[in-house]
Amino acid sequence: MPGSIEVLHTDVLVIGGGFAGTWASLRAADLGASVTLVDKAYVSKSGASTMSGGITTCPLDTDDMDLWAREFIERGDYMCDQRWTYQLLEGQRERVKDYVRWGVPISRAEDGSIRRFASRGMIDVRGMQYQPKAAMIELRRRIVARGVRILDRVHITELVTADGQWPSNGAIIGAVGFNIYTGQFVFINAKRTIVATGMIAMKGTHRVDNDTGDGVAMAFRAGGRLVDMEFTFGGTFNVLMKKFDFPSYNVAVAHGARLINARGERFMEQHDPVRLERGELSNVVAAFAKEIVEGRGPVFVDLRHVDASYWTDLAKLHRGGSILLSGHVPDPRVNPLPIEPTWGLWASGRSGLQIDLGARTNLPGLLAAGSAAKNDATGTHASAGSPTAFAKVSGWHAGETAALESRQTDLESAPQGLIAMLQEKALAPLNRARGERSADRLHDDLARLESSVVKSMILSEGRLNELLQGARDVAGALDQTAAGDLHDLVKWHEARNVSLNAEIVYRSALDRTESREQFYREDFPMTDPGWFCWHGVKSTGEGLAFDKQAFPQEGARFLPEHQHSGLGPIGAIMSAKHQPAKAL
Amino acid sequence: MSVHAISIDPATCTGCGLCVLACPADVIRMDAASGKAKVVYGGDCQVCYLCEDDCPAHSISLSHDITNPRRYSIYDEPGGTF
Ligand SMILES: Cc1cc2nc3c(=O)[nH]c(=O)nc-3n(C[C@H](O)[C@H](O)[C@H](O)COP(=O)(O)OP(=O)(O)OC[C@H]3O[C@@H](n4cnc5c(N)ncnc54)[C@H](O)[C@@H]3O)c2cc1C
Ligand code: SF4
Ligand code: SF4
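Reading the values: the criteria
- Residues numbered from 1 in each chain as written.
- Chains lettered and ligands numbered in written order.
- Predicted model: local features only at pLDDT ≥ 70, side-chain atom pairs only at ≥ 80, totals over all residues.
- Heavy atoms only, no water.
- Helix = DSSP H or I, 4+ residues; strand = E, 2+ residues; numbered from the N terminus.
- Rg over C-alpha atoms; globule rule 2.2 N^0.38 Å.
- Buried < 20%, exposed > 50% of the residue type's maximum accessible area, 1.4 Å probe, protein only.
- Areas by Shrake-Rupley, 256 points an atom, 1.4 Å probe, with all protein chains shown as cover.
- Lys, Arg positive; Asp, Glu negative; His and termini not counted.
- Charge placed at Lys NZ, Arg CZ, Asp CG, Glu CD.
- Near = heavy atom within 4 Å.
- Polar contact = N/O pair within 3.5 Å; in protein donor to acceptor, adjacent residues only side chain to side chain.
- Nonpolar A, V, L, I, M, F, W, Y, C, P; charged D, E, K, R; others polar.
- Contact = heavy atoms within 4.5 Å.
- Buried area = accessible area lost by both parts, 1.4 Å probe.
- Salt bridge = Lys/Arg side-chain N within 4 Å of Asp/Glu carboxyl O.
- Pairing = 2+ DSSP bridges.
- Axes fitted to C-alpha atoms, helices over the stretch in contact; angles between N-to-C directions.
- Core = buried A, V, L, I, M, F, W, Y, C linked by side-chain atoms within 4.5 Å.
- Domains from an automatic or database assignment.

Asker: Any chance you could break down the overall build of chain A for me, citing the residues and the numbers?
Answerer: Counting its secondary structure elements, chain A contains 17 helices and 22 strands. Scaling as 2.2 N^0.38, a compact globule of 584 residues should have a C-alpha radius of gyration of about 25 Å, and chain A matches this with 23 Å. Judged by the C-alpha coordinates and their principal axes, chain A covers about 65 × 55 × 55 Å. Looking at the 584 residues of chain A, the share that counts as buried comes to 66%. Surface exposure of chain A reaches about 19,700 Å², of which carbon and sulfur atoms provide 48%. Separation between the mean location of the 66 positive side-chain charges and that of the 70 negative ones in chain A comes to 3 Å.

Structural data, given as C-alpha cells:
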C-alpha cells in the first residue's frame, strides 16, 4: 500500500542547499518569490560547500577585472562564454563584500586587510581563505529570516515533467522525493525549479558522500542537455599515507607546500618551473603518475617550507580534526609524508548542465547552479577558488531569474496519476525481496571503477569500454536490488544516478577522439582543433545524442592566437615534452 | 577498536540531538529508549567532524584508523613503493 502524497506549492523550488542553493534561495526570496529549499541532509551541514577547503576567488574594487578575466579565459583555453567570466568576477566581488559585512571569519594580514594569495593555476588572479562552514550557517540563518521554507532530510528522486514524459517536450513543474526519516512522499509543485545538487562523483571516494550527481542525472532523464561530460574526469591530492584525508591541497600549495619524489627531487621543476605544484591540477597529477610509473615513488608532500600562517589558519579556519597535527602521523613540520591523488568522477564545474547567463537550462522551467552546472566562466581550467565563486554567483542569478519569471507564470499541475506512479517507482526497492547485491555493494562496484590514478588518467577505447561495462552492470542490477529501509533507499537512488552519470561520462569520453587539458586518450593523444567547442549530450529515450556547439562570439573580448594542436598536456608530461603555458 | 570511525559515549551524552542534525550522512539517530544519540549507520561515516564540532558534551570521538574500502591506493599495487 503506497502512503499518502503531500503536495506543496511554491514559486521557486531549489534542490540542494550548498552555496548555490542557499544563494539562489536568498536572492529569490529577496525578490518576493515564495521559495522552498530541499536537501537530503541538513542545510548548512551538507555538501561540498560546507566541506570545502575555504579558498574563494577574491576580486576587490581596486583590481583590474580585464586582467583577471583574461587570465581565466587564456588558462581555460578560451573554451568558455566570456560574458560569464565577467559576470562571475563582478558577482563574486559583491559576494565577498557580503561575507565581510556578515562577519564570516576570513584570514587577514597584520594590518587587518584580507590576506590574498595567487590562486593555484594562476598568476594574477587572487584568492582568499575563509571559513566555509561559518558562511553556510550564516546563509541558513538569513534564508530562514526571509521566510524560505526549508525541507531538510528530503531526498529528491525525480523532476516532474508537465507532459509526463522522460525525456520531455514540456516544462519542468517541480520534483518529487521522500523524507528519509518518515518516508512521507512529497510533490513540490513549482513555477521554476533550480537544480543545485552539487558535484558528479562516486559515493565514498571523496568523502562528500551526498554529492552523487543526482540533479544532473535527473535533469538528463527529463531531457536536459549536459556538456563536456568527459571533462568530469578529475581529482586532487587528497590521500595521505594511504588512508588519511589530506586537507585541501590548494590551500597547502598556496602556502608553499611542495611535492618531492623518493629521491627528494621537486619533480614539478621539470614540467612547470614558474607555477610548480601550483600549476593545473591535471598536469601535477600526470607528473605524479609519471614518477610512480617510472619507479621514483612514493611522492611526498613536503610541508617543511610552508609559511607560518598555514599552521595558524589550519587551527583557526579548519575543522578541528585535521589529521596533520593530530599526532597520528609523523610531524609534518619536519617529515615529508607520502601523498597520492584520486582521479575519476569529480567535476566542480568542468561538466554538467549547460546554463545561459540567467542560469536557465534548455528545459523550460528548469534552472541550474553550482557544480551541477557547467561553469562556463572558466573553460577547461578553473583556478582554486573559482568553483565556490561560481556556486555563489550562478546561484544568485538562478534565484533572480526564477523569481522574476515566476511572476509571469501560473502553476501547472501534474497529469492525472503521474505523481502516484512516481511514488510507486521511487519506493519500489523497499518492497523487493533481497537480491544478490545491496545498495552498498553497488556503490562498492562503482567506486572500484575509479581504481588506480594511472589507469583512470590514461584512457583508451579499450579502457573506456571496460568502465562502461562496469557502469552498465550496476545499472542493470538496480531492478534486482532491494532497499532494507529508507536510509538504504537513499543509497539505492544514489547508485541509480551515479551509474547513469558514469555511463554518460564514459560514452562522452569515447565520443571525444582527441586529448585536451585534463582529458587524455592514449589512442588519440593529439589535441584536435575540431574539438574546440562545447560537447553536448541529451537523452533520446533510446540512447544518447551528441552534438558540438561553437563558443559564442558575442561579448568575446579575447581571441586565441591559434588553436591548440599537437600532443595534449598529459601526454606531453608523460613523454617529458611538456611546454608549460607561457606566463601572462 | 570499534568497527566504525565514530563512537558516542552514552555516559556523557545529554541527548540534545545536535549531532543528529549535523550529520550529513544520516549516521546518527536518537534512541527512543535511552533518549541518547546512537550510531545506527556507522559504515556511512565520512569522518567529516561536523557532529564532533557541534557536540556540547564532547561525547563523540572519531578514529583516524578506519580505512575507507572505497579508496584505492596506488602504493598498494604490486611493486608499490611504500
Ligand atoms: C573536499 C573539497 C574541497 C573543496 N575545496 C574548495 C575550495 O577550497 N575552493 C573552491 O572554490 N572550491 C572547493 N571545492 C569545490 C566546491 O566546494 C564546490 O564546487 C561548491 O561548494 C559546490 O557548491 P554547490 O552548492 O553547487 O554544491 P554542494 O555544496 O555540494 O551542495 C549540494 C547539496 O545538494 C544536496 N543534494 C544532492 N542531491 C540531492 C537530492 N537528490 N535531494 C536533495 N538534496 C540533494 C546535498 O545534500 C548538498 O547539500 C571543494 C570540494 C571538495 C569536495
Ligand atoms: S563524522 Fe560526519 S559523517 Fe561521521 S557521524 Fe559525524 S557528522 Fe556523521
Ligand atoms: S550532540 Fe553530543 S550530547 Fe548531543 S545528542 Fe549528540 S552525542 Fe549526545
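That covers the picture; the talk isn't over yet.
Asker: Quick rundown of the site of ligand 1? Include the residues and the values.
Answerer: Residue and element names in this part refer to chain A. The full set close to ligand 1 counts 37 residues, and Asp39, Ser49, Ile55, Asp211 and Thr388 are the nearest of them. Between ligand 1 and Phe19 there is a distance of 3.2 Å, counted from an oxygen atom to a backbone nitrogen or oxygen. Between ligand 1 and Ser49, the relevant distance is 2.5 Å, taken from an oxygen atom to a side-chain nitrogen or oxygen of the residue. Those elements that provide at least two residues to the shell around ligand 1 are helix H1 (19-30), helix H2 (47-51), strand S7 (154-161), helix H6 (214-221) and helix H11 (386-407). For the shell around ligand 1, a count of residues per class yields 14 nonpolar, 19 polar and four charged.

Asker: I'd like to hear about the interface of chain A and chain B, residue by residue, with values.
Answerer: Between chain A and chain B, the residue contacts involve 51 residues of the former and 32 residues of the latter. Carbon and sulfur atoms supply 51% of the area buried between chain A and chain B, which totals about 3,700 Å² over both sides. The largest per-residue losses of area from chain A upon contact with chain B belong to Arg207, Lys242 and His487 of chain A, which jointly make up 18% of the total buried on that side. At the boundary of chain A and chain B, one finds eight salt bridges. With a shortest N-O distance of 3.2 Å, Asp53 of chain B and Lys133 of chain A are connected by a salt bridge.

Asker: Give a detailed account of the pattern of salt bridges, specifying residues and quantitative values.
Answerer: Residues and elements named next belong to chain A. Counted according to the given criterion, the structure contains 57 salt bridges over all chains. Salt-bridge contacts for Lys290 lead to Glu294; the nearest nitrogen and oxygen are separated by 2.9 Å. Take Lys290: its relative accessible area is 7%, and that puts it in the buried class. By relative accessible area, Glu294 is classed as partly exposed at 39%.

Asker: Describe the sheet that holds strand S5 (residues 126-129) of chain A, with residues and values.
Answerer: Residues and elements named next belong to chain A. If you walk across this open sheet you meet the three strands as S3-S5-S4, and the pairing is antiparallel. This sheet does not close on itself; its edge strands, each paired only once, are strand S3 (55-57) and strand S4 (116-118). Taking the axes of each pair of neighbouring strands and ignoring which way they run, one obtains an average angle of 45 degrees across the sheet. Note: S3 against S5, three bridges, orientation antiparallel. Bridged to Ile55 within S5 is Gln129.

Asker: Account for the nonpolar core, with residues named and values stated.
Answerer: Tyr99, Leu159, Leu240, Leu303, Tyr310 and Tyr506 of chain A are the most contacted members of the largest nonpolar core, which has 145 residues in total. The residues contacting Tyr310 of chain A, other than those within four sequence positions of it, are Phe246, Pro247, Val251, Ala252, His255, Leu303 and Leu324 of chain A.

Asker: Give me the side chain of Glu291 of chain A: which residues, what numbers.
Answerer: Residue and element names in this part refer to chain A. Structurally, Glu291 is set in helix H9 (residues 281-293). Among the polar contacts made by the side chain of Glu291, one reaches the side chain of Arg296 at a distance of 2.7 Å. Discounting residues that sit within four places of it in the chain, Glu291 has contacts with Asn261, Phe267, Arg296, Gly297 and Val299.

Asker: Any chance you could break down the side chain of Thr205 of chain A for me, citing the residues and the numbers?
Answerer: With respect to the element layout, Thr205 of chain A can be found in the loop between strand S10 (200-201) and H6. Residue classification places Thr205 of chain A among the buried positions, given a relative accessible area of 3%. In this structure, Thr205 of chain A is in contact with Asn238, Ala447 and Glu450 of chain A together with Arg70 and Arg71 of chain B, ignoring residues within four places of it in sequence.

Asker: Please give an account of the domain arrangement of chain A that cites residues and values.
Answerer: Residue and element names in this part refer to chain A. One can read the domain layout of chain A as domain 1 (5-228 + 350-406), domain 2 (238-344) and domain 3 (432-512). With 28 residues of domain 1 at the contact, the number on the domain 3 side is 20 residues. Between domain 1 and domain 3 lies a buried interface of about 1,800 Å² when both sides are counted; carbon and sulfur atoms form 65% of it. At the junction of domain 1 and domain 3, the tally comes to three salt bridges. Of the charged contacts in the structure, one is a salt bridge between Lys203 and Glu494, with a shortest N-O distance of 2.8 Å.

Asker: Pulling in residues and values, what's your account of the site of ligand 3?
Answerer: Taken together, Ile8, Cys13, Thr14, Gly15, Cys16, Gly17, Cys19, Ala37, Cys55, Pro56, Ala57 and Ile60 of chain B form the complete shell of residues around ligand 3. The residue makeup of the shell around ligand 3, split by class, is nine nonpolar, three polar and no charged.

Asker: I'd like a description of unusual backbone geometry, backed by residues and values.
Answerer: Residue and element names in this part refer to chain A. For the peptide bond that leads from Trp166 to Pro167, omega is -5 degrees, which places it in the cis range. Cis geometry is found at the peptide bond from Gly297 to Pro298, where omega equals -5 degrees. Its place among the elements puts Pro298 in the loop between H9 and strand S15 (300-302). In this structure, Asp77 is a non-glycine residue whose phi angle is positive, near 60 degrees. Mapped onto the secondary structure, Asp77 falls in the loop between helix H3 (65-75) and helix H4 (82-102). Of note, the phi angle at Ala576 is positive, near 55 degrees, even though the residue is not glycine.

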